[in-house]
Amino acid sequence: MCGIVGYIGNKNCVPILINGLKRLEYRGYDSAGIGILQDQKSLVIKNKGKVTLLEERIQNLNLISNVGIAHTRWATHGIPNELNAHPHSNHDGTLFIIHNGIIENFLVLKKNLLNQGYRFNSETDSEVLVHLIDSFIKEGNDLTKSVQLALNEVAGTYGLAVIYSGEPDKIVAARKGSPLVVGLGENENFIASDVSAILSHTKQVVYLEDGEVAVITKNSFNAKTIYNKEIEKEVHEITLTLEEIDKGGYPHFMLKEIMEQPETVRNSLRGRIVLDEGTSKLGGLIDVIDRLINAKRIIITACGTSWHAGLVGEYMIEQFCRIPTEVEYASEFRYRNPIVNKEDAILFISQSGETADTLAALQEAKMKGALVLGICNVVGSSIARETNSGVYTHAGPEIGVASTKAFTSQLVVLALISLLIARRKNMSLVDGKALAEEILAIPDKIESILKLNDKIEQIAEEFKNAKNFLYLGRGYNFPVALEGALKLKEISYIHAEGYPAAEMKHGPIALIDENMPAIFIAPKDSTYEKIISNIQEVKARGGRIIAIANEDDNEIDKLVDFSIKIPQTIRMLMPILTVIPLQLLAYHIAVKKGLNVDQPRNLAKSVTVE
Ligand code: M6R
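Keep in mind that this is a model prediction, so the values were computed, not measured.

Trainee: How would you sum up the domain arrangement of the chain? Please name residues and give values.
Mentor: Assigned domains of the chain: these are domain 1 (2–241), domain 2 (253–447) and domain 3 (452–602). Once you take the C-alpha centre of each, domain 1 and domain 3 turn out to be 44 Å apart.

Trainee: With reference to specific residues and values, describe the site of the ligand.
Mentor: Taken together, 15 residues form the shell around the ligand, and within it Ser306, Ser350, Ser352, Thr355 and Glu490 come nearest. Between the ligand and lysine 487 there is a distance of 3.0 Å, counted from an oxygen atom to a side-chain nitrogen or oxygen. For the ligand, whose accessible area on its own is 410 Å², the fraction buried by protein is 91%. Elements with a minimum of two residues in the shell around the ligand: α10 (304–321) and α17 (478–492). A breakdown of the residues in the shell around the ligand according to their chemical character gives five nonpolar, eight polar and two charged. Summarising the domain contributions, the shell around the ligand has at least three residues from each of domain 2 (253–447) and domain 3 (452–602).

Trainee: A description of the pairing of strand β23 (residues 468–473) should follow, citing residues and the corresponding values.
Mentor: The buried fraction of β23 is high, at five of six residues. Pairing between β23 and strand β24 (residues 495–500): six bridges, direction parallel. Bridging from a neighbouring strand, leucine 472 pairs with tyrosine 499 of β24. This β-α-β element, β23 to α17 to β24, shows right-handed connectivity. Examined bridge by bridge, β23 and strand β25 (residues 518–522) share three bridges and lie parallel to one another.

Trainee: Give a description of the pattern of salt bridges that names residues and reports values.
Mentor: Evaluated as defined, the whole model comprises 32 salt bridges. Taking the shortest distance from any N to any O, the salt bridge between glutamate 230 and lysine 224 comes out at 3.8 Å. In this structure lysine 224 comes out as buried when scored by relative accessible area, which is 19%. If you follow the salt bridges from partner to partner, you end up with Glu263, Arg266, Arg270, Asp444 and Glu447 in one network.

Trainee: Tell me about helix α18 (residues 528–540), and please be specific about residues and values.
Mentor: The first and last C-alpha atoms of α18 sit 18 Å apart over 13 residues, in line with the 18 Å expected at 1.5 Å per residue. Summarising the contacts, the buried residues of α18 are in contact with β23, β25 and β26 (545–550). Downstream of α18 by a residue or two, glycine 542 has a phi angle that is positive, lying close to 80 degrees.

Trainee: Can you explain the packing of helix α8 (residues 261–269) against helix α14 (residues 405–424)? Please cite residues and give values.
Mentor: Where α8 meets α14, the closest approach of the two axes is 9 Å, and the angle between their N-to-C directions is 30 degrees. One finds that α8 runs roughly parallel with respect to α14. For the crossing formed where α8 meets α14, the hand is right-handed. In this structure, α8 contributes Gln261, Thr264, Val265, Ser268 and Leu269 to the contact, and α14 contributes Lys405, Thr408, Ser409, Val412 and Leu416. Per-class residue counts for the contact of α8 with α14 are four nonpolar, five polar and one charged.

Trainee: An account of the packing of aromatic side chains is needed here, citing residue identities and associated values.
Mentor: The full count for this structure, using the stated rule, is six aromatic pairs. Consider the rings of tyrosine 315 and tyrosine 476, whose centres lie 5.5 Å apart with planes at 55 degrees: the pair is tilted. One end of the pair, tyrosine 315, is in helix α10; the other, tyrosine 476, is in the loop between β23 and α17, and 161 residues separate them in sequence. The interplanar angle of 75 degrees and the centroid separation of 5.6 Å between the aromatic rings of phenylalanine 463 and phenylalanine 562 together place this pair among those described as edge-to-face. You can see phenylalanine 463 sitting in helix α16 (residues 453–463) and its partner phenylalanine 562 sitting in strand β27 (residues 562–566), a full 99 residues away along the chain. Classification of phenylalanine 463 as buried rests on a relative accessible area of 0%. Among the aromatic residues, those joined into a cluster by ring pairs are Phe463, Phe469, Tyr471 and Phe562. Seen from the ring of phenylalanine 120, lysine 110 lies directly overhead, with NZ or CZ sitting 4.9 Å from the centre. Arginine 601 extends its terminal NZ or CZ atom over the ring of tyrosine 493, reaching a point 3.9 Å from the ring centre.

Reading the values: the criteria
- Residues numbered from 1 in each chain as written.
- Predicted model: local features only at pLDDT ≥ 70, side-chain atom pairs only at ≥ 80, totals over all residues.
- Heavy atoms only, no water.
- Domains from an automatic or database assignment.
- Near = heavy atom within 4 Å.
- Polar contact = N/O pair within 3.5 Å; in protein donor to acceptor, adjacent residues only side chain to side chain.
- Areas by Shrake-Rupley, 256 points an atom, 1.4 Å probe, with all protein chains shown as cover.
- Helix = DSSP H or I, 4+ residues; strand = E, 2+ residues; numbered from the N terminus.
- Nonpolar A, V, L, I, M, F, W, Y, C, P; charged D, E, K, R; others polar.
- Buried < 20%, exposed > 50% of the residue type's maximum accessible area, 1.4 Å probe, protein only.
- Pairing = 2+ DSSP bridges.
- Right-handed = clockwise from strand over helix to strand, strands pointing away.
- Salt bridge = Lys/Arg side-chain N within 4 Å of Asp/Glu carboxyl O.
- Expected span 1.5 Å × (residues − 1).
- Contact = heavy atoms within 4.5 Å.
- Axes fitted to C-alpha atoms, helices over the stretch in contact; angles between N-to-C directions.
- Parallel < 35°, antiparallel > 145°, perpendicular 65-115°, else oblique.
- Left-handed = near helix turned anticlockwise from the far one by under 90°.
- Phe/Tyr/Trp six-rings, centres within 6.5 Å; stacked < 30°, edge-to-face > 60°.
- Lys NZ or Arg CZ within 6 Å of the ring centre and 35° of its normal.

See below:
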């Protein structure tokens, strides 16, 4: 959840660390800190608030050092303040640590350390780590050994980096359940929770696995397990460019990410449609395709927006592949001892590939012997690596906390998987070709919807002061109603609910009056007539209505206050189009309210804690 960056080499680490933190701020941004070794002495500076505040504080201090670590925090234990910010130091300030994750047994560890005379300055779970490591150093162990011994006593998750003035030539880092990558340079090496922090310095990286400890000096890197077993690590070349990560001229990442969806969907499709055969080609499923086709049941597990994509996936798979499919929140799946058989295939959908609940659900499913498959965006992420096989969405880095382009790419991948299975089961060549052609036409249709941006901004102006919103859709567009409501609430802090439109009369209709705007997702499909009846019901009660409708639907304008017209496609692909105006509407409302759309309050991009 938080961001970690570390440097050791010949250069001054301070600007490198600050720039790295700025790239990591999307992971957490309630406090920031830096720890360096300067003339054999250690120095820690930290504060509540954003990285720019930290930068301002250290600007005139003339800090110069060749080794340091830095952290941007998203609070779990202890409020965001200077004391709870990282790095945390030992008593004499010779040792300091930055940590992502949660130490579950910190209370027990803390009690033991208190008994040994250690005093604590913060309310965090992380602080136990620094004192625990310190206690092993005091017993005569070197830094690496002390980190290993400490981690053997720890239950929970960590991505951490430690510096010790007694051994100033190294950074020791370790990972369990929280991503960590080592960057390899010329006479310099890096550590980071995310490649974006170090990409401007190196493209050669090593991904740490759970239970691994890395020792980094300016000229060397080696990895061991926490039980001191040597391990060989593979070096990966990163293909991502910094330009792909930057805002590209847009005021916010979220808008950039909404606007680049024609391209990101093209990227998700690239090389994956075999038009002549009316099917798709997904390299990541080759080894498991027979098991997948013969699965007795498919379970889709995810959180948040990825869970909404899963709901659409359920409709797709049941309609085209005729395999019973269930969708479950990963957080529920992991704790309720679900019935999982070896003949089940379980799909884990995650943009980041690091979501703690989804990862834990995956481990549970794996343990029970099911076929586990990932649909992830971040290449090399934990979920991508822990699944037997899977499909990358290739949407590129998503920085805005509100997920947009990752969602549409997840839907595209689910459509490709459905096409692949359906063609291997009972879909005809003619139907397969027709579906493949419709999928290929999607990027151009998204492009035409994005041209409505100005109109959607005007609608946002009209509704920006609303206190509540209702989002209503049926069939494939019910999950889109949920997704539209989630987008609005997470960035504009307006209360919003998504419902299947027909459910309205079972309760939510009581809320309708002139202060409750209702957004109907009403493309012309088999449920259109019924949706029109629902619109009439809201109209009759004075509700103001925005409709997402098809371009050739002139009738709907007589019933609604505002309409946003989108191109037609087949039912299964409609959510990829209907969600775009809802993303833009949420974005513009939040901007008009003067809110930070890329970093909404209380949220972080990748939720690596429970
Ligand atoms: O990285 P993941 O797809 O696993 O993340 C899951 C959710 O945390 C995420 O979709 C969250 O709901 C977003 N903020 C939604 O915009």
